Amino acid sequence: MTAALLDALAVATGSRVERAEAVAGGDVNRALRAELADGRTVFVKHRDGAPAGMYRAEADGLRWLAEAGAIRIPEVVAVADDAEPRLLALEWIDRGARGPDHDERLGHGLAALHRFGASCFGLAEDNFIADIPQPNAPLSTWAAFHAERRVLHLGRRAVDAGLLPAGAGAKLERLAARMPELCGPEETPARLHGDLWSGNAIADRAGAPVLVDPAVYGGHREVDLAMMRLFGGFSERVFAAYDDAFPLAPGHEERVDLHQLTPLLVHVLLFGGSYVRQTMRAVERYL
C-alpha cells in the first residue's frame, strides 16, 4: 500500500486511516482492511491501472442488488474512481462458518433476488466482469442479448486475441443465430449477480450468506445457476431450495452449457489454457 492510496481513502471516506493491512483481494484486485478514525472498519479494493469507471460500476451494481432486500449485500462506503489511485471501500464483513440453514437461505435468497426482476435484458450502464468491459445496452429478448452482448462480444475479443482455434468465430456466429430456439421459454428479466462462483458467495459471522463482487445486469436467471454449477462449491441443497421457491422452466438442464458460455469465455480471456477446450465443447454441443 502507498501513502497516496491511504490519502485517497481518507478523502473518500471523510475519515483518517488509523490502521491498514493487506488482505486477500482475488485475481483482479488487491485489498486492504482499514480501520478509520471514526470507528468504521472497511474492506478496500484497489489496483494499479484499474480501468476508469470499474469501481464505480461495481458500487452501482452492489446497490442495485441490495434494492431487492433478498440477501445480504455489502454496503458501499465510498468510491474514488476519477483519478489514480482508484478504490472502492465497502463495509467490513467478518466471515464465519456457514450456519445449518445457510444453503437453504442462499437458495431462497437468490430466488427472491431473481424474482425481484429488472426493467430490461441489459442495464442502463455498461460495467465490467473482472476487468473485462461488459456491454449492457438493452435488447428486447434474452436470446438476442445473450447472443450479441455476451457470447459474440466475448467470443470476438477472444478470436481477435488469438485465444480460440481456427474456425471458432464462424462457430460462434452459427450458435448466435440459433439462440432463439435454444434459450427456452420466454421469461421476464431477472436481477442477476452475473459472476456467481463460490468465492463470491461468503458467509458472515452469523453464518448467513452474503453476495460479493457482482457483474450485474438484467438477464435470464439460469445464468447465475449455470455458473454456480460450472466451478462447484454449492451443495444440491442450495439448488433444491431455489427450485422450491422459484421453479425453473422445463428443459433447463439442457441449457446449462449454453448459459455457462459467458463465464467460460471470460476465463478464456483471463487464463486461456483448458478453458479453450471446455468452451469449444460447449459451443459445438449446440451446433
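A quick note: this is a predicted structure, and the numbers were derived from the prediction, not measured. (Residues numbered from 1 in each chain as written. Predicted model: local features only at pLDDT ≥ 70, side-chain atom pairs only at ≥ 80, totals over all residues. Heavy atoms only, no water.)

Peer 1: Where do I start with the packing of helix 4 (residues 142-160) against helix 5 (residues 168-182) in this structure?
Peer 2: Helices that pack against each other are described as a pair by the angle of their axes relative to one another and the distance between those axes. Two elements in contact, helix 4 and helix 5, have axes whose closest approach is 9 Å; the angle formed by their N-to-C orientations is 175°. Here helix 4 is positioned roughly antiparallel relative to helix 5, judged by the angle of their axes. Taking contact as the criterion, the partners of Ala143, His146, Ala147, Val151, Leu152, Gly155, Arg156 and Val159 in helix 4 are, on helix 5, Gly169, Leu172, Glu173, Ala176, Met179 and Pro180. Of the residues that constitute the contact of helix 4 with helix 5, the class distribution is nine nonpolar, three polar and two charged. (Axes fitted to C-alpha atoms, helices over the stretch in contact; angles between N-to-C directions. Helix = DSSP H or I, 4+ residues; strand = E, 2+ residues; numbered from the N terminus. Parallel < 35°, antiparallel > 145°, perpendicular 65-115°, else oblique. Contact = heavy atoms within 4.5 Å. Nonpolar A, V, L, I, M, F, W, Y, C, P; charged D, E, K, R; others polar.)

Peer 1: Help me understand the pairing of strand 1 (residues 17-23) in this model?
Peer 2: Looking along a regular strand, one sees side chains alternate from face to face of the sheet. Bridge count between strand 1 and strand 2 (residues 30-36): six bridges; the pairing is antiparallel. Opposite Ala22, over in strand 2, you have Leu32 as the bridge partner. What sits between strand 1 and strand 2 in their antiparallel hairpin is a turn of six residues, with Gly26 showing a positive phi close to 95°. (Pairing = 2+ DSSP bridges.)

Peer 1: I keep staring at the packing of helix 6 (residues 222-231) against helix 9 (residues 261-271) and nothing clicks. Help me out?
Peer 2: Relative to each other, helix 6 and helix 9 sit at 55°, their axes nearing to 9 Å. Taken as axis vectors, helix 6 and helix 9 run oblique relative to one another. Where helix 6 abuts helix 9, its residues Met227, Leu230 and Phe231 lie against Pro263, Leu264 and His267. Per-class residue counts for the contact of helix 6 with helix 9 are five nonpolar, one polar and no charged.

Peer 1: Quick question: what am I supposed to make of the sheet that holds strand 2 here?
Peer 2: Two pairing modes exist for strands in a sheet, parallel and antiparallel, and in both the strands are linked by backbone hydrogen bonds. Pairing is antiparallel in the open sheet, where five strands are placed in the order 1-2-3-5-4. Two strands close off the open sheet at either side, each with one partner strand: strand 1 and strand 4 (76-80). Here the average twist between neighbouring strands, direction ignored, is 20°. Here strand 4 runs beside strand 5 (residues 87-91); their pairing, made up of four bridges, is antiparallel. Looking at strand 5, one finds that Ala78 is bridged to Ala89. In the packing of helix 1 (residues 3-13) onto the sheet, the strands contacted are strand 1, strand 2, strand 3 (41-46), strand 4 and strand 5, and the crossing angle to strand 5 comes to about 55°. Across the face of the sheet, helix 2 (residues 54-66) comes into contact with strand 3, strand 4 and strand 5 while running at roughly 160° to strand 4.

Peer 1: What should I look at first to understand the pattern of salt bridges in this one?
Peer 2: A pair can form between side chains of opposite charge whenever their charged atoms are brought close. Counted according to the given criterion, the structure contains 27 salt bridges. When the shortest N-O distance is used, the salt bridge between Arg285 and Glu254 registers 2.6 Å. With a gap of 31 residues between them, Arg285 in helix 10 (residues 274-285) and Glu254 in the loop between helix 7 (236-245) and helix 8 (256-259) connect regions that are remote in the sequence. The structure contains a network of salt bridges with shared partners spanning Arg19, Arg33 and Glu35. (Salt bridge = Lys/Arg side-chain N within 4 Å of Asp/Glu carboxyl O.)

Peer 1: Please clarify how the nonpolar core should be interpreted in this entry.
Peer 2: Nonpolar side chains tend toward joint burial in soluble globular proteins. Ranked by internal contacts, the top residues of the largest apolar core, which has 71 residues, are Leu164, Leu175, Met179, Leu211, Met228 and Leu258. In terms of residue count, the dominant contributor to this core is helix 4 (eight residues). Excluding anything up to four places from it in sequence, Met228 contacts Leu110, Leu196, Phe234, Val238 and Phe239. (Core = buried A, V, L, I, M, F, W, Y, C linked by side-chain atoms within 4.5 Å. Buried < 20%, exposed > 50% of the residue type's maximum accessible area, 1.4 Å probe, protein only.)

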